[in-house]
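A structural walkthrough
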Amino acid sequence: MTTNLRYFINISLVLITLGVIALYLWYNKDLLALLYNISWKTAIALIILRMFFVGLNGLFLKLFVAKLNVDLDWYEWVGLPFVTTMGNYLTPLSGGMIARAAYLKNRHAFSYTHFATLLAANYLIIFWVSTLAGLCLMPLLWQQTHAPWLIMLLFIVSWGGLSIVLLMPMPCFSSTNRAAKLFQRAIIGWLAVRNDRRLMLQLVFLTIVSLLLNAAAFWLGYRALEITISVPAALIISLSTIFSAL
């Protein structure tokens, strides 16, 4: 694919996406009326919360790749999450994530296998913390939740399964097969992350802060639309958006 053709496709996708958004808003003008009622102070607070939330992803990235011997400059680990987020909104199939993987590959020779390992480790930790948080929150929302036993069972099974994956011993082997070599490199990368307790604690802490920032944004967003929800409910909504990443 030539550079001009790739550029044309990218611009076309962006224009089509913006056109669809504009058409949707044109036929749903009541949504815009809701936005007009939001004060500028609330809007600025929401923007700041979202910027911190996305920026935390940069810290995740910086810590992960540093463990795999890649040192990112500040503008890289700060900027890449925003580029990734923009790409995920404007292109299908998590295009922003693909762009981040390509950047790390071309700029820092960070292999796609290592990137896949980084991504898997990131989601494993986030989901583990999220399911544990869900277990702690469910008693507070027991009377407000439809089928609470089913949701509690889902959290218990998810947390137990993730705990097994996080703690189970990983096989080490040698092989000349290409697929087996890739799998072996992925295991080595994950073990390097898992065996570093300080790094794991840092990642768990960042995940908790990320959950709180996301919940604060939802709580403030609902409040701006004159809808009152409790803090535990905002946290559960925050968790649901994280699980949607699956």
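Residues numbered from 1 in each chain as written. Predicted model: local features only at pLDDT ≥ 70, side-chain atom pairs only at ≥ 80, totals over all residues. Heavy atoms only, no water.

**Structural notes on the overall build of the chain**
Cut-off, in case you're wondering: Secondary structure counts use DSSP, requiring at least four H or I residues in a row for a helix and at least two E residues in a row for a strand, with both numbered from the N terminus. Contact between two residues is taken to exist if any of their heavy atoms lie within 4.5 Å; hydrogens are not considered. To measure how exposed things are, a 1.4 Å probe is used in the Shrake-Rupley method; for residues, cover is taken only from the protein chains shown.
When helices and strands are tallied, the chain shows 10 helices and 0 strands. Sequence-ordered secondary structure for the chain, helices as α and strands as β, is α-α-α-α-α-α-α-α-α-α. Across the chain, every contact between residues at least 6 apart in sequence was considered, and the portion connecting residues at least 24 apart equals 64%. About 15,600 Å² of surface is accessible on the chain, with carbon and sulfur atoms providing 71% of the total.

**Considering the nonpolar core**
Using the following cut-off: To qualify as a nonpolar core, a set must consist of buried Ala, Val, Leu, Ile, Met, Phe, Trp, Tyr and Cys residues joined through side-chain atoms within 4.5 Å. Relative accessibility under 20% of the residue-type maximum defines a buried residue, over 50% an exposed one, and the middle range a partly exposed one, all with a 1.4 Å probe and only protein chains included.
Grouped together as the largest cluster of nonpolar side chains are 48 residues, with contacts concentrated most on F64 and F110. Only α3 (40-67), α4 (74-90), α5 (95-108), α6 (112-137), α7 (148-167), α8 (178-194), α9 (197-224) and α10 (231-243) provide two or more residues apiece to this core. With 10 residues, α6 is the single largest residue contributor to this core. Beyond its immediate chain neighbours, meaning those up to four positions away, F110 contacts V65, L68, V70, L104, K105, F115 and L118.

**A closer look at the packing of aromatic side chains**
Both the distance between ring centres and the angle between the ring planes are used here to describe each pair of aromatic rings. Our working rule: The aromatic pairing rule takes the rings of Phe, Tyr and Trp, using the six-membered ring of Trp, and pairs them if the centres are within 6.5 Å, calling planes under 30 degrees apart stacked, those over 60 edge-to-face and the rest tilted. By the criterion adopted, a ring carries a charge over it if an Arg CZ or a Lys NZ lies within 6 Å of its centre and within 35 degrees of its normal.
By the definition in use, this model includes 2 aromatic pairs. Note that K105 overlies the ring of Y112, its terminal NZ or CZ placed 5.7 Å from the centroid.

**Focus: the side chain of T131**
Definition in use: Under this definition, polar contacts are N or O atom pairs within 3.5 Å; protein pairs additionally need one hydrogen-donor-capable and one acceptor-capable atom, and for neighbouring residues in sequence, both atoms have to be side-chain atoms.
As for its placement among the helices and strands, T131 is situated in helix α6. Within polar-contact distance, the side chain of T131 engages the backbone oxygen of W128 at 2.9 Å. Discounting residues that sit within four places of it in the chain, T131 has contacts with F155, S158, W159, L162 and F243.

**Describing the confidence of the model for the chain**
The test is simple: What pLDDT expresses is the predictor's confidence in each residue, scored from 0 to 100.
The share of residues in the chain with pLDDT of 70 or more is 83%, and the mean pLDDT across the chain is 79. Ranking the elements of the chain by mean pLDDT puts α8 last, at 69, and α9 first, at 89.

**Brief notes about a nonpolar patch on the surface**
For clarity, the threshold we go by: Residues forming no salt bridge and having over 30% relative accessible area are the ones grouped into patches, like charges within 9 Å of each other and nonpolar side chains (Val, Leu, Ile, Met, Phe, Trp, Tyr) within 5 Å. Note on definitions: salt bridges are taken to be side-chain nitrogens of Lys or Arg within 4 Å of carboxyl oxygens of Asp or Glu.
Taken together, the side chains of I47, M51, W74, Y75, V78 and F82 present a nonpolar region at the surface, about 630 Å² in accessible area. When contributions to the nonpolar patch are tallied by element, the ones reaching two or more residues are α3 and α4. For the nonpolar patch, the leading source of residues is α4, giving 4 residues.

**Notes on the pattern of salt bridges**
The full count for this structure, using the stated rule, is 2 salt bridges. A salt bridge links K67 to D196; the shortest N-O distance between them is 3.0 Å. You can see K67 sitting in helix α3 and its partner D196 sitting in the loop between α8 and α9, a full 129 residues away along the chain. Residue K67 is classed as partly exposed on the basis of its relative accessible area, which comes to 33%.

**Regarding α9**
What counts here: One fewer than the residue count of a helix, multiplied by 1.5 Å, yields its expected span.
Its 28 residues give α9 an end-to-end C-alpha distance of 41 Å, which sits within 8% of 40 Å, the value for a rise of 1.5 Å per residue. Positive backbone phi, at 65 degrees, marks E226, one or two positions downstream of α9.

**Brief notes about the packing of α3 against α9**
Put simply, the rule reads: Inter-axis angles, ranging from 0 to 180 degrees, are taken between N-to-C directions of lines fitted to C-alpha atoms, where helices are fitted over the stretch in contact. If an angle is under 35 degrees, it is roughly parallel; if it is over 145, roughly antiparallel; if it lies from 65 to 115, roughly perpendicular; otherwise it is oblique. By definition, any crossing whose near helix is turned counterclockwise from its far helix by less than a right angle is left-handed, and any crossing with a clockwise turn is right-handed. Asp, Glu, Lys and Arg are counted as charged, while Ala, Val, Leu, Ile, Met, Phe, Trp, Tyr, Cys and Pro are counted as nonpolar; the rest, among them Gly, fall into the polar class.
For the pair α3 and α9, the least separation of the axes is 9 Å and the interaxial angle reads 165 degrees. In terms of orientation, α3 and α9 fall into the roughly antiparallel class. Judged by the sense of rotation from one axis to the other, the crossing of α3 with α9 is left-handed. Grouping the amino acids of the contact of α3 with α9 by side-chain chemistry returns 19 nonpolar, 6 polar and 2 charged.

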